[in-house]
Amino acid sequence: MYRIIKFIGWYIALSVAAILGMLVLAFPDYPNTQSGWLWFFVLALPVTLVGDLIGEFTFRNRVAQAILEKSQGKAFSLLRILYGLIAMLILFDIVWTLAMHFGVNKV
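Computed from a predicted model, the values in this text were never measured in an experiment.

1. Brief notes about the layout of surface pockets
A probe as big as a water molecule, rolled over the atoms, marks out the empty space that is left. The computed volume of the second largest pocket comes to approximately 190 Å³. Lining the second largest pocket we find Met22, Val47, Val50, Gly51 and Ile54. Counting residues per element, the lining of the second largest pocket draws most heavily on helix 2 (residues 34-59), at 4 residues. In the lining of the second largest pocket, the residues fall into 4 nonpolar, 1 polar and no charged.

Spelled out as structure tokens, the structure:
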């Protein structure tokens, strides 16, 4: 029972941190209903973790490591910048396509 209470405590603490970050990024758009706030509170931490996993996958794969090794020792690398730009554009396109597919009007 103690482990469950400890897990819930950590989940709430980390969710509050994730919510504060999301509120800053989403200002001035925030949930307007109690159910919206409930979903926001429940999903803030999982969405943050999924975003972190996507970032890890995007910038810690074989291609990214090869680019990093090729540009090692350079303060400025056009190749690294282009990789990051292309990766972010692809991720943005995926999110945009999913949002349009599911009928999200306000993106």
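2. Some thoughts on a nonpolar patch on the surface
A cluster of nonpolar side chains, namely Phe76, Leu78, Ile81, Leu82, Leu85, Ile86, Leu89, Ile90, Ile94, Leu98, Phe102 and Val104, defines an oily patch on the protein surface of about 1200 Å² accessible area. By secondary structure assignment, the location of Leu82 is in helix 4 (residues 78-101).

3. Regarding the packing of aromatic side chains
Considering all chains together, one arrives at 5 aromatic pairs under this definition. Judged by centre distance (6.2 Å) and plane angle (35°), the rings of Phe7 and Tyr11 are tilted. Of this pair, Phe7 and Tyr11 both sit in helix 1 (residues 2-26), 4 residues apart, which is roughly one turn of that helix. Classification of Phe7 as exposed rests on a relative accessible area of 57%. Judged by centre distance (6.2 Å) and plane angle (35°), the ring pair of Tyr30 and Trp37 falls under tilted.

4. Describing the packing of helix 3 (residues 62-70) against helix 4
Working note: a packed helix pair is described by the angle between its axes plus the distance between those axes. Where helix 3 meets helix 4, the closest approach of the two axes is 9 Å, and the angle between their N-to-C directions is 160°. In this view, helix 3 runs roughly antiparallel relative to helix 4, as classed from their interaxial angle. Of the two elements, helix 3 crosses helix 4, and the hand of that crossing is left-handed. Judged by residue contacts, Val63, Ala64, Ile67, Leu68 and Lys70 of helix 3 engage Leu79, Arg80 and Tyr83 from helix 4. Each residue belonging to the contact of helix 3 with helix 4 can be placed in one class, and the counts come to 6 nonpolar, no polar and 2 charged.

5. Side note on helix 1
For helix 1, with 25 residues, the first-to-last C-alpha span of 35 Å sits near the 36 Å given by 1.5 Å per residue. Inspection of helix 1 places Ser15, Ala18 and Ile19 among the buried residues, and these make up the whole buried set. In this fold, the buried residues of helix 1 make contact with helix 2.

6. Concerning the pattern of salt bridges
Per the counting criterion, the structure on display carries 1 salt bridge. The salt bridge partner of Glu56 is Arg60, with a shortest N-O separation of 3.1 Å. Accessibility expressed as a relative area gives 58% for Arg60, which makes it exposed.

Conventions used here
- Residues numbered from 1 in each chain as written.
- Predicted model: local features only at pLDDT ≥ 70, side-chain atom pairs only at ≥ 80, totals over all residues.
- Heavy atoms only, no water.
- 1 Å grid on protein atoms, 1.4 Å probe; cavity = no way out; pocket = protein on both sides within 12 Å on 5 of 7 lines; lining within 4 Å.
- Points joined across faces, edges and corners; volume = space filled by probe spheres on them.
- Helix = DSSP H or I, 4+ residues; strand = E, 2+ residues; numbered from the N terminus.
- Nonpolar A, V, L, I, M, F, W, Y, C, P; charged D, E, K, R; others polar.
- Patch = residues over 30% accessible without salt bridge, like charges linked within 9 Å, V, L, I, M, F, W, Y side chains within 5 Å.
- Areas by Shrake-Rupley, 256 points an atom, 1.4 Å probe, with all protein chains shown as cover.
- Salt bridge = Lys/Arg side-chain N within 4 Å of Asp/Glu carboxyl O.
- Phe/Tyr/Trp six-rings, centres within 6.5 Å; stacked < 30°, edge-to-face > 60°.
- Buried < 20%, exposed > 50% of the residue type's maximum accessible area, 1.4 Å probe, protein only.
- Axes fitted to C-alpha atoms, helices over the stretch in contact; angles between N-to-C directions.
- Parallel < 35°, antiparallel > 145°, perpendicular 65-115°, else oblique.
- Left-handed = near helix turned anticlockwise from the far one by under 90°.
- Contact = heavy atoms within 4.5 Å.
- Expected span 1.5 Å × (residues − 1).

It is worth stressing that arrangement in space is one thing and function is another; only the former is reported here.
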